[in-house]
Amino acid sequence: MDIGQNRKNGMIAAALVLVMAGGIAGYMMFVREKTMPQGLILANGRIEGETLVVAAKVPGRIKAVHAAEGDTVEKDAVLAELDDRQIRAKADQARSALAAAEAGRNAAKEALDLLARETVIQNAKAEASMANARAVLTKARAQETQAGKDAARYRELAQDGSIGRQKAEQAALAYEAARNDRLSAEAAVRVAEKQREDARLGGLRIKAKTAETVSIGSRADQAKAAVAEAESVLADLTIKAPGQGVVTTKITNPGEVTAAGSPLFTLVNLDGLYLKVFVPEKDIGRLKLGQKAKIHLDRMPGQPLDGTVKTIAARAE
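Calculation criteria
- Residues numbered from 1 in each chain as written.
- Predicted model: local features only at pLDDT ≥ 70, side-chain atom pairs only at ≥ 80, totals over all residues.
- Heavy atoms only, no water.
- Pairing = 2+ DSSP bridges.
- Helix = DSSP H or I, 4+ residues; strand = E, 2+ residues; numbered from the N terminus.
- Contact = heavy atoms within 4.5 Å.
- Buried < 20%, exposed > 50% of the residue type's maximum accessible area, 1.4 Å probe, protein only.
- Axes fitted to C-alpha atoms, helices over the stretch in contact; angles between N-to-C directions.
- Parallel < 35°, antiparallel > 145°, perpendicular 65-115°, else oblique.
- Left-handed = near helix turned anticlockwise from the far one by under 90°.
- Salt bridge = Lys/Arg side-chain N within 4 Å of Asp/Glu carboxyl O.
- Core = buried A, V, L, I, M, F, W, Y, C linked by side-chain atoms within 4.5 Å.
- Expected span 1.5 Å × (residues − 1).
- pLDDT = per-residue confidence, 0-100.

**Student:** I tried to follow the sheet that holds strand E7 (residues 238–240) on my own but got confused; where do I start?
**Tutor:** As a general point, the strands of a sheet are linked pairwise by backbone hydrogen bonds and lie either parallel or antiparallel. Sheet architecture is open: four strands sit in the order E7-E6-E4-E9, paired in antiparallel fashion. The sheet is open, and its two edges are formed by E7 and strand E9 (257–258), each paired on a single side.

The structure is reproduced here in structure tokens:
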């Protein structure tokens, strides 16, 4: 490893991690010569890569395996599949429940809208009926009063012989008819009042229907959440690569039953290799973060790889 003579005073750690730009794994030595030129450090270590352990989030039986040891896979590549028959049936059931709940919610909304429109119409009709009944009652009372006066006057005239008795009898009958009309008008007013009170209850009916619609909507939301959960579990039955890498270990085969969290594959990302070396304590002061280095591999003589000091351990090992 060719490292300049920049010093970092006070460092006592002996571990150094280098991130490499290349993509070769294995054991290596920095410099093969026993005698080091001035300004260089001799150390050895092992090139490693970021390891990704792929596990199933849910238990199940392995239906198919699509990756073997040594395969290079891309991110989200399908590595294996779990048996999905039971979960798929639950997902279908949840979708059916959601469809029914959505239909119920839509029907409740339509019923609420219809009730609101009907309430407006009923209130308007009740107010109009009430106004008409009161007007009829006012007229009937006036006619009754006038008919009563006419009957009394004709009765007096009939008694002194100014008019015939038949005229007085007709006036008395007219008064009785006017009185009956007034009684009928008063009854109509009472009926109109009850109709208006019933129409005004529409607000309470709307409130109750609104609460019912909200409840039905909540059930629809719960059904939607159940569908999302079932679909999420269904998606988890497809085991995908969390990142790019090479399959170094395959721990499962079709037909086997795996538990949640059990490792199924191990991947190594060869694009993110690093080299961990142990530097003699006497040379630690010559290192610093960000320092450039040359890495010589036994299998690639004369072709050094570029590296950078990324981490210096805080404690000697």
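**Student:** Just checking my understanding: could you explain the side chain of Asp236 for this structure?
**Tutor:** Here Asp236 lies in helix H3 (residues 202–236). In contact with Asp236, not counting residues within four places along its chain, are Lys57 and Val58.

**Student:** Mind showing me how you'd approach unusual backbone geometry here?
**Tutor:** When glycine is set aside, most residues are seen to have a negative phi, and most peptide bonds are trans. Positive phi is not limited to glycine here, since Asp76 has a value of about 70°. Locating Asp76 in the fold gives a position in the loop between strand E5 (72–73) and strand E6 (78–82). Residue class for Asp76 comes out partly exposed when judged on its relative accessible area of 43%.

**Student:** Explain the packing of helix H1 (residues 85–159) against H3 to me, please; I cannot follow it from the model alone.
**Tutor:** Geometrically, a packed helix pair is captured by the angle between its two axes and the distance between the axes. Following both chains from N to C, one finds H1 and H3 inclined at 160°, their axes separated by 8 Å at the closest point. One way to sum up the angle between H1 and H3 is to call them roughly antiparallel. Crossing of H1 against H3: the hand is left-handed.

**Student:** Got a minute to help me understand the pattern of salt bridges in this structure?
**Tutor:** Per the counting criterion, the structure on display carries 18 salt bridges. Asp92 is the salt-bridge partner of Arg95, the closest N and O atoms lying 2.8 Å from each other. Note that Arg95 and Asp92 are positioned in helix H1 at a spacing of three residues, about one turn of the helix. You can call Arg95 partly exposed: its relative accessible area is 33%. Since its relative accessible area comes to 39%, Asp92 is described here as partly exposed.

**Student:** Is there a simple way to think about the side chain of Asp84 in this case?
**Tutor:** Here Asp84 shows up in the loop between E6 and H1. Since its relative accessible area comes to 15%, Asp84 is described here as buried. Residues contacting Asp84, with those up to four places away along its chain left out, are Lys63, Leu234 and Leu237.

**Student:** Help me out: how do you make sense of the nonpolar core in this one?
**Tutor:** Inside soluble globular proteins, nonpolar side chains tend to come together where they are buried. Within the largest apolar cluster, 19 residues are counted, with the highest numbers of intra-cluster contacts made by Leu79, Phe265 and Leu267. Apart from residues lying up to four places away in sequence, Leu267 is in contact with Glu50, Thr51, Leu52, Val54, Val73, Ala241, Pro242, Gly243, Val246, Val247 and Thr248. The next biggest cluster of nonpolar side chains, apart from the first, holds 15 residues, and it includes Ile41, Leu273, Leu305 and Val309.

**Student:** What exactly am I supposed to notice about the pairing of strand E8 (residues 245–250) here?
**Tutor:** Inspection of the sheet shows E5 paired to E8 by two bridges, in the antiparallel sense. The partner of Thr72 across the bridge, within E8, is Val246. Where E8 lies against strand E10 (residues 263–278), four bridges are found, and the strand directions are antiparallel. Within E10, the residue paired with Thr249 across the bridge is Thr266.

**Student:** Explain helix H2 (residues 165–200) here, please?
**Tutor:** Count 3.6 residues to each turn of an α-helix, and residues three or four apart come out pointing the same way. Across its 36 residues, H2 extends 53 Å between first and last C-alpha, which sits within 8% of the 52 Å expected from 1.5 Å per residue. Among the residues making up H2, those that are buried are Ala168, Ala171, Ala178, Arg182, Ala185, Glu186, Val189, Ala192, Arg196 and Ala199. Next to the buried residues of H2 lie H1 and H3.

**Student:** Explain the pairing of strand E11 (residues 292–297) here, please?
**Tutor:** In summary, the side chains of a regular strand alternate between the two faces of the sheet. What you see with E11 is a clean split: Ala293, Ile295 and Leu297 sit on the buried side and Lys292, Lys294 and His296 on the side with no burial. Sheet analysis places E11 next to strand E12 (residues 300–312), joined by five bridges and oriented antiparallel. For Leu297, the partnering residue across the bridge sits in E12 and is Met300. Linking two consecutive strands that pair antiparallel, namely E11 and E12, is a turn of two residues.

**Student:** Just to check I follow, could you spell out the packing of H1 against H2 for this structure?
**Tutor:** In contact at an axis separation of 7 Å, H1 and H2 are set at 160° when each is read in the N-to-C sense. Here H1 is positioned roughly antiparallel relative to H2, judged by the angle of their axes. Note that H1 runs across H2; the crossing there is left-handed.

**Student:** Explanation requested: the environment of Gln122 in the structure shown.
**Tutor:** When you line up the elements, Gln122 lands in helix H1. You can call Gln122 partly exposed: its relative accessible area is 36%. Along the primary structure Gln122 and Arg196 are separated by 74 residues, whereas in three dimensions their C-alpha atoms are 8.2 Å apart.

**Student:** What exactly am I supposed to notice about the confidence of the model for the protein here?
**Tutor:** Predicted coordinates in regions of low pLDDT should not be interpreted in detail. Averaged over all residues, the pLDDT of the protein is 81; the fraction at 70 or higher stands at 88%. With pLDDT under 50 throughout, residues 1–34 is counted as low confidence; its partners more than four residues away or in other chains account for 138 contacts.

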